[in-house]
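# Notes for the structure review
The lines below spell out each chain.
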Amino acid sequence: MASVDEERSVLEDDALLQDGSSEPYTGDGSVDIKGRPVLKNATGKWKACPFILGAGGCERLAFYGISSNLVTYLTSKLHEGNASAARNVTTWEGTCYFIPLIGGVLADAYWGRYWTMTVFFAFYLIGMCTLTLCALIPALQPAECVDSVCPSATAAQYTVFFIGLYLVALGTGGIKPCIWPFGADQYDDTDRREKGKKGSFFNWFYFSNNIGAFISSSLVVLVQEDIGWGLGYGIPTLVLGIGIAIFFLGTPFYRLHRPGGSPLTRICQVFVASFHKRNLEVPEDSSILYETQDMSSTIKGSRKLEHSEELKCLDKAAVVSDAEIKRVDFSNPWRLCTVTQVEELKILVRMFPIWASGIIFSAVYAQMSSLFVEQGKMMDRSVGSFSIPAASLSSFNIISVIIWVPIYDMVIVPIARKFTHNERGFSELQRMGIGLFTSVLCMAAAAIVEIERLQIAREMGLVDEDVAVPLSIFWQVPQYFLLGAAEVFTFIGQHEFFYEQAPDAMRSLCSALSLLTNSLGNYLSSLILTIVTYFTTKGGNVGWIPDNLNEGHLDYFFWLLAGLSFLNLLVYIVFAKRYKQKKAS
């Protein structure tokens, strides 16, 4: 999957890296909590990362402790209707994936990742405490139902609950784009040995997140429904508090990177400067383009970036005009930008097709909580005298991730390293490509299960009856397991890619953009479903996905997604081969 340019870039980067093992301080400009240069041997790496992994796992347990069963709380405790509750959950979850853009900009531009997380952890904890109080105090809930009459919640009760809920969204949204880049910051990019071990952090960070998610979606949900919502919300609130304490305990070991100013402002400056100089010619010799003569970049917390040959129209922003030479005035960034600043924008443009490929993958991933569940409801869910909830099979996805992460890190990477000579086994682009291919297999597996289910329905005369067919729901396990494997390759590969290839002073923003694909993938899934329903129900047909799935052809929809995923993979391969790696001096 990786191009020759990518492999050459890796070798060039290695040549540029300092062998910093004998240097007492980090070479990437990182500092401690007091702004002092940090000692390599006393900070970062696995001295700091266990605290970040612990905090991240606790945060995920808290988040899924709310989100996994939120629709049930809204319907059973606040007495909302199904449609209203589903709409509120969808809106809230969408907000959770849009707020990272705010957190990313604040971290990169003003506060840095450590202090951004500190602020948003406070909002998060206040929100969790508010929700716990709503579940504990009867005055913050409507009266219990009498027979079939359920009193509606008052405006005040709604207000308090949703203030808490959206404080949680604000908290998790501010932390998401910062916490895993902050963990990667604990490895010095100028030290060859440290940089090579960074990939392992991404694997184990995702592992710890899924442990938290698994505990919430299994044990915490049971507590909420069988014991009570007060304890069910109190447990994730307590765990979040423990996670925050763990995070602050690691402060003496952390390496902090200084914020570099607003990335959005720098992007706009390049556009304005290149437009203003649109009539100037870009010199053949790129060394003539404007760049500071200092060892470090003018962008705080960022290394200089080497000039690249594509998108030359943007290079005009770094052309020094005759008027500027006469005035000896190079201080207006809206008229003259450094090569590094121009390269920041070029990197974002180059990353766009790779980023966009994640939207189709996220649309496939969205089926786990929607059509996979609908399919499971129409299958035999009995185990002895017990009936398995269709949604509970998503646990196999989490189990798959928990199994695949150590296999990948301890087995696949050492084997791949022998063939690729890459310290991480596969490059980020290769890893993502494997995940995209696995997502095609996942949708094909779901389609094959549905073909078999419909065949049994026809043979038993159940086509016109809205009942489950006698096919065990455990036939869905392969599609959940494949989706978990695809997740390990694609999502973790995305995390690595957007950290490594992002400009140094835009890493939180690029992390937020990678998270945005989750939200856009859900919207795309809804759009595809709407279009399919419109065209397949014309002329009075029942369509592919009717209320009674025995009458429809859900298998066609799964094959459609498999086809789109395959096309997405082909387009991805084209852009991955052409992708030029970032070169930092």
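### What about the overall build of the protein chain?
- Assigned secondary structure in the protein chain consists of 19 helices and four strands.
- The C-alpha radius of gyration of the protein chain comes to 26 Å, within 12% of the 25 Å expected for a compact globule of 585 residues.
- Taken along the three principal axes of its C-alpha coordinates, the protein chain extends 85 × 50 × 50 Å.
- Considering only residue pairs separated by 6 or more positions, the protein chain has 82% of its internal contacts joining residues 24 or more positions apart.
- For the protein chain, the accessible area works out to roughly 25,100 Å², and carbon and sulfur atoms hold 65% of it.
- Across the protein chain, the centroid of the 46 positively charged side chains sits 7 Å from that of the 55 negatively charged ones.

### What to know about the pattern of salt bridges
- Counted according to the given criterion, the structure contains 25 salt bridges.
- Arg60 serves as the salt-bridge partner of Glu59, at 2.8 Å between the closest nitrogen and oxygen. Grouping residues by exposure puts Glu59 and Arg60 together as buried.
- Of the charged contacts, one joins Glu324 and Lys277 as a salt bridge, the two residues approaching to 2.9 Å between their closest N and O atoms. Residue Glu324 is located in helix α12 (residues 322-327), and its partner Lys277 is located in the loop between α10 (263-276) and α11 (312-315); the two are separated by 47 residues in the primary sequence.
- Judged by its relative accessible area of 5%, Glu324 is buried.
- Accessibility expressed as a relative area gives 4% for Lys277, which makes it buried.
- Connected through salt bridges with shared partners, the residues Lys198, Arg424, Glu428, Arg431, Glu496 and Glu500 form a single ionic network.

### Describing the nonpolar core
- Within the largest apolar cluster, 101 residues are counted, with the highest numbers of intra-cluster contacts made by Trp92, Phe161, Phe201, Tyr233 and Tyr254.
- With 31 residues, the next largest nonpolar core counts Leu393, Ile456, Leu549 and Leu554 among its residues.

### Examining helix α17 (residues 477-500)
- Taking 1.5 Å of rise per residue, the 24 residues of α17 would be expected to cover 34 Å, and the 34 Å separating its terminal C-alpha atoms lies within 8% of that figure.
- The axis of α17 is deflected most strongly, by about 30°, at Glu487.
- Within α17, 21 of the 24 residues are buried, which leaves the element mostly enclosed by the surrounding structure.

### With respect to a negative patch on the surface
- Taken together, the side chains of Asp464, Glu465, Asp466, Asp547 and Glu551 define an acidic patch exposed on the protein surface.
- Secondary-structure assignment places Asp464 in the loop between α16 (428-459) and β4 (469-472).

### A short note on the environment of Gly435
- In this fold, Gly435 is placed in helix α16.
- Spatially, the C-alpha atom of Gly435 lies 4.2 Å from that of Ala486, the residues being 51 residues apart in sequence.
- Contact partners of Gly435, with chain neighbours within four places excluded, come to Phe361, Ala486, Phe489 and Thr490.

### Topic: the packing of aromatic side chains
- Scanning the model with the defined rule gives 39 aromatic pairs in all.
- Considering the side-chain rings of Tyr73 and Trp229, the 5.1 Å spacing of their centres and the 80° angle between planes classify their relative orientation as edge-to-face. Taken as a pair, Tyr73 in helix α3 (residues 70-76) and Trp229 in helix α9 (residues 229-249) lie far apart in primary sequence, 156 residues in all. The residues Tyr73 and Trp229 share a single accessibility class, namely buried.

Calculation criteria
- Residues numbered from 1 in each chain as written.
- Predicted model: local features only at pLDDT ≥ 70, side-chain atom pairs only at ≥ 80, totals over all residues.
- Heavy atoms only, no water.
- Helix = DSSP H or I, 4+ residues; strand = E, 2+ residues; numbered from the N terminus.
- Rg over C-alpha atoms; globule rule 2.2 N^0.38 Å.
- Contact = heavy atoms within 4.5 Å.
- Areas by Shrake-Rupley, 256 points an atom, 1.4 Å probe, with all protein chains shown as cover.
- Lys, Arg positive; Asp, Glu negative; His and termini not counted.
- Charge placed at Lys NZ, Arg CZ, Asp CG, Glu CD.
- Salt bridge = Lys/Arg side-chain N within 4 Å of Asp/Glu carboxyl O.
- Buried < 20%, exposed > 50% of the residue type's maximum accessible area, 1.4 Å probe, protein only.
- Core = buried A, V, L, I, M, F, W, Y, C linked by side-chain atoms within 4.5 Å.
- Expected span 1.5 Å × (residues − 1).
- Bend = angle between axes of the 7 residues up to and from the residue.
- Patch = residues over 30% accessible without salt bridge, like charges linked within 9 Å, V, L, I, M, F, W, Y side chains within 5 Å.
- Phe/Tyr/Trp six-rings, centres within 6.5 Å; stacked < 30°, edge-to-face > 60°.

Geometric values such as these leave the question of function open.
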